[in-house]
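So the chains spell out like this:
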Amino acid sequence: MSNTSPSNFSSANKASSREGGKPAAEKRGGRIERKFRALADAGELGLIAYITAGDPSLDASAKIVLAAAEAGADIIELGVPFSDPVADGPVIQRASERALRSGTTLTGVLELVRHLRTRTNVPLVLFSYFNPLLQMGLEKFAEAAASAGADGVLATDLTPEEAGEYRAALGSRGLDTIFLAAPTSTDERIARIAEASTGFLYLVSRTGVTGAREVLPEGLPPLARRVRRFTSLPIAVGFGISAPAHVSVLGGIADAAVVGSALMAEVERAASADAAAVGVAALVRTLKSAARSGLSRRSNPPANPAAE
Amino acid sequence: MSAAPQTMPDSRGRYGPFGGRYVPETLVAPLEELERAYAEARADKSFQKELDDLLHNFAGRPTPLQFASRLTEQLAGPRIYLKREDLLHTGAHKINNALGQALLAVRMGKKRIIAETGAGQHGVATATVAARLGLTCTVYMGTEDMERQRLNVFRMRLLGAEVVGVDSGSRTLKDAINEAMRDWVTNVRTSHYLLGSVLGAHPYPQIVRDFQKIIGEEAREQILRAEERLPDHLIACVGGGSNAIGLFHAFLGDANVKMLGVEAGGRGKSLGEHAARLAAAEGFAGARPGVLQGTYTYLLQNADGQISTTHSVSAGLDYPGVGPEHAWLAEQGRAEYTAVSDEDAVAAARTLARVEGIIPALESAHALAELIRRAPKMRKDEVVILNLSGRGDKDMEILSRYV
């Protein structure tokens, strides 16, 4: 299966080499860490937009991601499509199937990262199942992801217990390793997950797969407080977050909200890549505005009001 | 054989490099709970007593070890014994594990059982046991498998199970497991996932193996009684590999007993045309170690780590991965793995029907086909035990197409 590199990416590569070592130097500082610091200073809930790379094509994903970033997404999670997405609900399953049908490979997704890095400074997190990373080879993947300009990686089906080599490979190249905590996680496990995570910790809001839900689970606030006891890392909450009301509520509990299926439903509905970018941007704008106002404000106001 | 092979996984569920626990975080605590509950049950005599009673009075154990005199005569090779798991209630070895795990579920206070099924044999066994123990049961089955195993779909529904068709991916066993895992991750507090083969995250490969090892324990005693010696060869088909590991396990320490696992060679050697994960030496393409559905093992996949579709006439062997313990037995050279084509399996089923009056499941017919191929080259004083893991009633439609 040969990798189909979209035509406009070759010019992007040139742009990247023109900029020389500057992005690499920035990366050491940690784009993700800086972003969360800025959000905290502003007393603002972060919005993380998940986009399945390659649905319906890598070119389309580039447009969609740039539109989402421009509309206010603080961090982008780029989903690497996998044939057997056991943690995902129907919307992201279908997105993954479309992405694979369009010939998307991990190599192609890394090309997309390289392209995006020449156009935006938004933190980029690769969101993948473990097998594609493993098949590329963890060292080779880490090297490629870092040089393309990715900031972090989350492997859905990888827990800290199985992640020794992975953490070493990614960590040594300045890539953040983000792990999931879940409502079923014991205190002992949350401590281990917090210890293994850098950049932020991803808290799964409920038992279940990804996908939009009507309401947030009642147990979420105490769960988030429990996690908070074990880490000073920012906490991002995902799974089932789709509406401005969800985002508003999260402000008092977490540092960021992750929205995925709701955005990929926009992509699925759209008749073209441009329409998908417009649809995703509109939803991101609505959600980010909810994140900036109302309940989303931290109870402790920013030390420096001028930061707003 | 330099040293005794490892017969238990390490504390992280590893058989050599294979196995482990690769799951979304939500499932880790339930897997740990299962591991604890299983350890307690193993140490509890009343659990074993209840299981033994069900195996004996409900499922029909022990199963006979039948000397196949006419097949032995016709092939003019080794003395052939059939371990008759096909005679069990519901028609296959699957009920051994279904009973054990369902009792565990009851112990853990779970009232709902989730299962996946390929050929439908594990689904039927699970639906049966759920009915017997008063548990509710949901079975996931690929829509392609539902089509080719319609009778089993009807049986499960008759037994009160909900059968949910899975229309994603290859619409076979792999996709049914994905959907069962999604159900489990959602309903994890109330439901037990009754995985049907030696697959998945630790401790499943060990639990399923332990509930199936009674096959080999019985066979070992039976052959010692019949022949006053151990067999030279064990032969069994391998999908996930539960009937094979069930037969092999009691003989792992017997260095002179050779073990042969037979995979589905399907209709060709290129990726997508077969389900041969460990028989790569025979030219079957696409098998490399990787992570799927909780475990690190040999998988049929493309260069990018996307899992391949597979093909076999037998739904129960039509799966891209193989149990991690088999991967380890293969890598150590303790067991040998080979593959048999659709056509040869069907022919073998017909042979057994006519020569011994037994219609085998198409899965078991793969093991039989390999025995038929090798028998002429074996000595007459050699002894073979073949695991006849299931009966062929479910395969009538497919068999009739080949007549």
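Every chain begins its residue count from 1, and numbering advances along the sequence as written. Chain labels run from A onward and ligand labels from 1 onward, assigned in the order the entries are written. Since the coordinates come from a predicted model, pLDDT governs what is reported: local features require at least 70, and pairs of side-chain atoms require 80 or more to be given and counted, while whole-chain, interface and lining totals use all residues. Side-chain measures here rest on the full set of heavy atoms in the structure, leaving out hydrogens and waters.

Things to note about the overall build of chain A
A tally of regular secondary structure across chain A gives 14 helices and nine strands. Within chain A, residue pairs in contact and separated by at least 24 positions form 75% of the contacts whose partners lie at least 6 positions apart. All accessible-area figures derive from a Shrake-Rupley calculation using a 1.4 Å probe, and residue coverage is judged against the displayed protein chains alone. Total accessible area on chain A is roughly 11,400 Å²; 53% of this is exposed by carbon and sulfur atoms. Here a strand is any run of E in DSSP of at least two residues, a helix any run of H or I of at least four, and the numbering for each starts at the N terminus. For this analysis, residues touch if any pair of their heavy atoms sits within 4.5 Å.

Observations concerning the overall build of chain B
From N to C terminus, chain B includes 15 helices and 14 strands. The globule rule used for comparison is 2.2 Å times the number of residues to the exponent 0.38, while the radius of gyration itself is calculated over C-alpha atoms. Scaling as 2.2 N^0.38, a compact globule of 403 residues should have a C-alpha radius of gyration of about 22 Å, and chain B matches this with 19 Å. Dimensions along the principal axes, computed over C-alpha positions, put chain B at roughly 55 × 45 × 45 Å. Any residue under 20% of the maximum accessible area for its type is buried, any over 50% is exposed, and the rest in between are partly exposed; the area is computed with a 1.4 Å probe on protein chains only. Taken across its 403 residues, chain B has 66% of its residues classed as buried. Across chain B, the fraction of contacts at a sequence separation of at least 24, relative to all contacts at a separation of at least 6, is 74%. In chain B, the 47 positive side-chain charges and the 49 negative ones have mean positions that sit 1 Å from each other. When charges are tallied, Lys and Arg are placed among the positive residues and Asp and Glu among the negative ones, while His and the ends of the chain are skipped. For the purpose of locating charges, the reference atoms are NZ of Lys, CZ of Arg, CG of Asp and CD of Glu.

Here's the deal with the nonpolar core
The nonpolar side chains of a soluble globular protein tend to be buried with one another. Residue and element names in this part refer to chain A. Among the nonpolar cores identified, the biggest contains 103 residues, and Leu126, Phe141, Tyr166, Phe200 and Tyr202 are the most heavily contacted of them. For this core, the element with the most residues is helix H14 (residues 273–292), which contributes nine residues. The contacts of Phe141, once residues within four sequence positions are left out, are Leu106, Leu110, Leu126, Leu133, Met136, Val153 and Leu170. Within this scheme, the nonpolar core is defined by two criteria: the residues are buried Ala, Val, Leu, Ile, Met, Phe, Trp, Tyr or Cys, and they are joined through side-chain atoms within 4.5 Å.

Looking at the confidence of the model for chain B
For every residue, the predictor reports its confidence as pLDDT, a number between 0 and 100. Residues with a pLDDT of 70 or more make up 98% of chain B, whose mean pLDDT is 95. Scoring of the predicted complex yields 0.93 for pTM and 0.95 for ipTM.

Notes on the interface of chain A and chain B
Of the residues lining the interface, 36 residues belong to chain A; the matching set on chain B comes to 40 residues. Defined here as a combined quantity, buried area equals the accessible surface (1.4 Å probe) lost by two parts on assembly, summed across both. When the buried area of chain A at its contact with chain B is split by residue, A:Val86, A:Gln135 and A:Glu162 rank highest and sum to 22% of it. Salt bridge, as used here: a side-chain nitrogen of Lys or Arg that lies within 4 Å of a carboxyl oxygen of Asp or Glu. Taken together, chain A and chain B are joined by five salt bridges. We note a salt bridge from B:Glu32 to A:Arg189, for which the minimum N-O separation is 3.8 Å. Definition of a polar contact: a pair of N or O atoms within 3.5 Å, with one able to donate and the other able to accept a hydrogen when the atoms are protein atoms, and with sequence-neighbouring residues admitted only if both atoms are side-chain atoms. Taken together, chain A and chain B are joined by 24 residue pairs in polar contact (both at pLDDT 80 or more). Top contributing element to the side of chain A that touches chain B by residue count: helix H7 (residues 130–136) of chain A, with five residues.

Notes on helix H9 (residues 164–171) of chain A
All names here are of chain A. Of the residues making up H9, those classed as buried are Tyr166, Ala169 and Leu170. Viewed along the axis of H9, the buried residues span an arc of 90 degrees, placing them on a single side of the element. Among the structural elements, H7, helix H8 (138–148), strand E4 (152–155) and strand E5 (176–177) are those in contact with the buried residues of H9. Arc definition: it is the arc formed by the directions from the helix axis to the C-beta atoms.

A few points about the sheet that holds strand E1 (residues 46–52) of chain A
All names here are of chain A. Paired strands are those between which DSSP finds at least two bridges. One open sheet holds the nine strands; their spatial order is E5-E4-E3-E2-E1-E9-E8-E7-E6, and the pairing between them is parallel. Among the strands making up the open sheet, the edge pair consists of E5 and strand E6 (180–181). Angles run from 0 to 180 degrees between N-to-C directions of axes, and those axes are lines fitted to C-alpha atoms, restricted for helices to the stretch in contact. In the packing of helix H3 (residues 31–42) onto the sheet, contacts are made with E1, strand E2 (75–79), strand E3 (124–128), E4, E5 and strand E9 (256–259), and the angle to E2 comes to roughly 140 degrees. In the packing of helix H13 (residues 261–269) onto the sheet, the strands contacted are E1 and E9, and the crossing angle to E1 comes to about 45 degrees.

Looking at the pairing of strand E10 (residues 258–266) of chain B
Residues and elements named next belong to chain B. In terms of burial, E10 is largely enclosed, as eight of its nine residues are buried. Judged from the five bridges that link them, strand E9 (residues 233–237) and E10 form a sheet pairing that is parallel. Bridging across to E10, Ile235 finds its partner in Leu260. Handedness rule for crossovers: strands pointing away from the viewer, path from the first strand over the helix to the second running clockwise, crossover right-handed. Handedness of the crossover joining E9 and E10 through helix H11 (residues 242–248) is recorded here as right-handed. Taken together, the seven bridges between E10 and strand E13 (residues 335–341) define a ladder with parallel strand orientation. Each bridged residue has a counterpart across the sheet, and for Gly266 the counterpart in E13 is Ser341.

Comments concerning the side chain of A:Thr104
Residues and elements named next belong to chain A. Within the secondary structure layout, Thr104 lies in the loop between helix H5 (90–101) and helix H6 (106–117). Polar side-chain contacts of Thr104 include one of 2.8 Å to the backbone oxygen of Ala99. Not counting residues within four places of it along the chain, the set of residues in contact with Thr104 comprises Ala53, Gly54, Leu58, Pro81, Ala99 and Val109.

What about the pattern of salt bridges?
In the structure shown here, the tally under the stated rule is 56 salt bridges over all chains. A:Arg189 is paired through a salt bridge with A:Glu161; the nearest N and O atoms lie 2.3 Å apart. Separated by 28 residues along the polypeptide, A:Arg189 in helix H10 (residues 187–196) and A:Glu161 in the loop between E4 and H9 bring together distant segments of the chain. We classify A:Arg189 as buried; its relative accessible area is 2%. Residue A:Glu161 is classed as partly exposed on the basis of its relative accessible area of 29%. One connected set of salt bridges, linked through shared partners, spans A:Glu161, A:Glu188, A:Arg189, A:Arg192, B:Glu25 and B:Glu32.

Focus: the packing of aromatic side chains
Ring pairs are drawn from Phe, Tyr and Trp, using the six-membered ring of Trp, whenever the two centres fall within 6.5 Å, and their geometry is named by plane angle: stacked under 30 degrees, edge-to-face over 60, tilted for the rest. Under the definition given, this model contains 16 aromatic pairs over all chains. Centre to centre, the rings of B:Phe47 and B:Phe211 are 6.5 Å apart; their planes meet at 40 degrees, and the pair counts as tilted. In this pair, B:Phe47 is assigned in helix H2 (residues 45–59) and B:Phe211 in helix H9 (residues 204–212), connecting sequence segments 164 residues apart. For B:Phe211, a relative accessible area of 8% translates into the label buried. Consider the rings of B:Trp184 and B:Tyr204, whose centres lie 6.2 Å apart with planes at 75 degrees: the pair is edge-to-face. Note that B:Trp184 is positioned in helix H8 (residues 173–186) and B:Tyr204 in helix H9, a separation of 20 residues in sequence. Note on B:Tyr204: relative accessible area 2%, which makes it buried. Chaining the aromatic ring pairs together yields one cluster made of A:Tyr50, A:Phe127, A:Tyr202 and A:Phe239. Ring-over charges, as used throughout, are those where CZ of Arg or NZ of Lys falls within 6 Å of the ring centre and within 35 degrees of the ring normal. Geometry around B:Phe67 places B:Arg79 over its ring, the cationic atom sitting 4.5 Å from the centre.

Observations concerning helix H4 (residues 58–70) of chain A
Residue and element names in this part refer to chain A. Taking 1.5 Å of rise per residue, 13 residues should cover 18 Å, and H4 covers 18 Å from first to last C-alpha, within 8% of that figure. The complete set of buried residues in H4 reads Leu58, Ala60, Ser61, Ala62, Ile64, Val65, Ala67 and Ala68. Positive phi shows up at Gly72, right after H4, with a value of about 120 degrees. To estimate the expected span of a helix, count its residues, drop one, and scale the result by 1.5 Å.

Some thoughts on the confidence of the model for chain A
Overall, the prediction assigns chain A a mean pLDDT of 89, with 86% of residues at 70 or greater. This model gives residues 296–308 of chain A a pLDDT under 50, and the stretch forms 23 contacts once residues within four places in sequence are excluded.

What to know about the packing of helix H5 (residues 121–133) of chain B against helix H7 (residues 150–158) of chain B
Residue and element names in this part refer to chain B. Close contact between H5 and H7 brings their axes to 9 Å; oriented N to C, the two are set at 10 degrees. With respect to H7, the element H5 is oriented roughly parallel. Taken as a pair, H5 and H7 cross one another with a handedness that is left-handed. Counted together, Gln121, Gly123, Val124 and Ala127 of H5 and Asn152, Arg155 and Met156 of H7 form the full contact between these two elements. Ten residue types, Ala, Val, Leu, Ile, Met, Phe, Trp, Tyr, Cys and Pro, are classed as nonpolar, four, Asp, Glu, Lys and Arg, as charged, and the remainder, Gly among them, as polar. In terms of residue class, the contact of H5 with H7 is made up of three nonpolar, three polar and one charged. Orientation categories follow fixed angle ranges, with anything under 35 degrees roughly parallel, anything over 145 roughly antiparallel, 65 to 115 roughly perpendicular, and all other angles oblique. Each helix crossing is assigned a hand: it is left-handed if the near helix lies turned anticlockwise from the far helix by less than a right angle, otherwise right-handed if that turn is clockwise.

Observations regarding the sheet that holds strand E3 (residues 65–67) of chain B
All names here are of chain B. In space, the six strands of this open sheet follow the order E3-E4-E14-E9-E10-E13, with mixed pairing throughout. The two strands at the open ends of the sheet, each matched to only one other strand, are E3 and E13. Adjacent strand axes in the sheet meet at a mean angle of 25 degrees, parallel and antiparallel pairs treated alike. Helix H13 (residues 342–356) rests against E3, strand E4 (79–84), E10, E13 and strand E14 (383–388) of the sheet, and its axis sits at about 90 degrees to E13. Packed on one face of the sheet, helix H14 (residues 362–374) meets E4, E9, E10, E13 and E14 and runs near 100 degrees to E13.

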